[in-house]
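If you want the building blocks of each chain, they are given just below.
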Amino acid sequence: KAGLLPLAEAFRFARSALATRRDNAAWLRVNPGFEAPPLWWMHDMYAHTSYRHYAESGANHAGQIAALIERHSGLSGLDVAEWGCGLGRLVRAMPGHFRMTGFDYNPAAIDWCRNHVPDATFALNGLMPPLPAAEGTFDGLYCISVFTHLSESAHRAWAGELARVLKPGGILLASFHGPDQAGGLLPEERARFDAGELVVRDRVKEGGRTFVAYHPHAYVRGLLTPHFDIAEGPLPAVGQTVWIARRNS
């Protein structure tokens, strides 16, 4: 409310960049072919400036995501999209037999990915739909920590749009801030969360990391079921609460 969050974020970035400077240099010496993302955008998107954490967490999370998509699709050679690809942390670590497309609303992220992440296609989208893709393009689509930074109206709009670009029977894997991530809610927020309401902390730019949404399980089911059949979830994965759903016909 005091408008001090941008200043606090700038301070956190400077402190983080200083703390990781030596380890980042060591990582680049050991991994000379590593395409290093810009530090400010790493902080802005991931809340850290560690090349090591970016690469290792990306490989770990990409492995979890790929295994879940393959398990529920029954296929391995898939056209797969990531909505909210950021700086390619996951796209560049996905299995080679996935034909990958990355979408993001940040033009700096898309430009960087196009220039530094090979063997994938990248496209810019807006804060609100549509995605620049035809209906029924993808076998699978995942979004990690994207719904967690959107308003109520954006949740509804994007749930329908993600269904549109998936083939009938296509798999959606989406992460949310469920009960395990909602421990810091204020009493009034907690009461609304426990009543099944979406809780949004706005007052900052929508879509950014500091614009935060929290999702009761009942809310997620209500969000997805007009367009999808729930296949699995909620389950803990990639540091959040993951739901897997299959696009209905």
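The structure we're discussing is the one just above.
Residues numbered from 1 in each chain as written. Predicted model: local features only at pLDDT ≥ 70, side-chain atom pairs only at ≥ 80, totals over all residues. Heavy atoms only, no water.

**Student:** What should I look at first to understand the pairing of strand β1 (residues 78-83) in this one?
**Tutor:** Regular strands place side chains that alternate from one sheet face to the opposite one. β1 sits mainly inside the fold: 5 of its 6 residues count as buried. Relative to strand β2 (residues 98-104), β1 runs parallel, the two being bridged by 6 bridges. Looking across to β2, one finds that Trp-83 is bridged to Phe-103. Direction of pairing for β1 relative to strand β4 (residues 138-143): parallel, over a ladder of 3 bridges. (Buried < 20%, exposed > 50% of the residue type's maximum accessible area, 1.4 Å probe, protein only. Helix = DSSP H or I, 4+ residues; strand = E, 2+ residues; numbered from the N terminus. Pairing = 2+ DSSP bridges.)

**Student:** Is there a simple way to think about the state of the cysteines in this case?
**Tutor:** Here the structure, examined in full by the defined rule, presents 0 disulfides. Just so you know, Cys-85 is unpaired, no disulfide at all, and the nearest cysteine sulfur is the one on Cys-113, 4.6 Å from it. Under the relative-accessibility criterion, Cys-85 is labelled buried at 2%. (Disulfide = S-S within 2.5 Å.)

**Student:** I'm lost on the environment of Trp-40 in this one. Help?
**Tutor:** Examined against the element boundaries, Trp-40 turns out to sit in helix α3 (residues 39-46). Between the C-alpha atom of Trp-40 and that of Asp-104, which follows or precedes it by 64 residues, the distance is 17 Å. Residues within four places of Trp-40 in sequence aside, it is in contact with Glu-9 and Phe-13. (Contact = heavy atoms within 4.5 Å.)

**Student:** When you look at the nonpolar core in this model, what are you seeing that I'm missing?
**Tutor:** When a protein is soluble and globular, its nonpolar side chains tend to lie buried together. In terms of nonpolar packing, the biggest core is built from 34 residues, with Ile-65, Met-94, Tyr-142 and Leu-173 touching the most fellow members. Those elements giving two or more residues to this core turn out to be α4 (51-73), β1, β2, α5 (107-116), β5 (166-176), β8 (228-237) and β9 (240-247). Those residues within four positions of Tyr-142 in sequence are excluded, and the remaining contacts are Ile-65, Ile-69, Val-80, Ala-81, Glu-82, Trp-83, Leu-90, Val-91, Met-94, Met-100 and Leu-173. (Core = buried A, V, L, I, M, F, W, Y, C linked by side-chain atoms within 4.5 Å.)

**Student:** Help me understand the pairing of β2 in this model?
**Tutor:** Among the 7 residues in β2, 6 count as buried, and that is most of the element. Here β2 pairs with strand β3 (residues 120-124) via 5 bridges, running parallel. Looking at the pairing, Phe-103 lines up with Ala-123 of β3.

Honestly, that's just the spatial picture; any functional story needs more than this.
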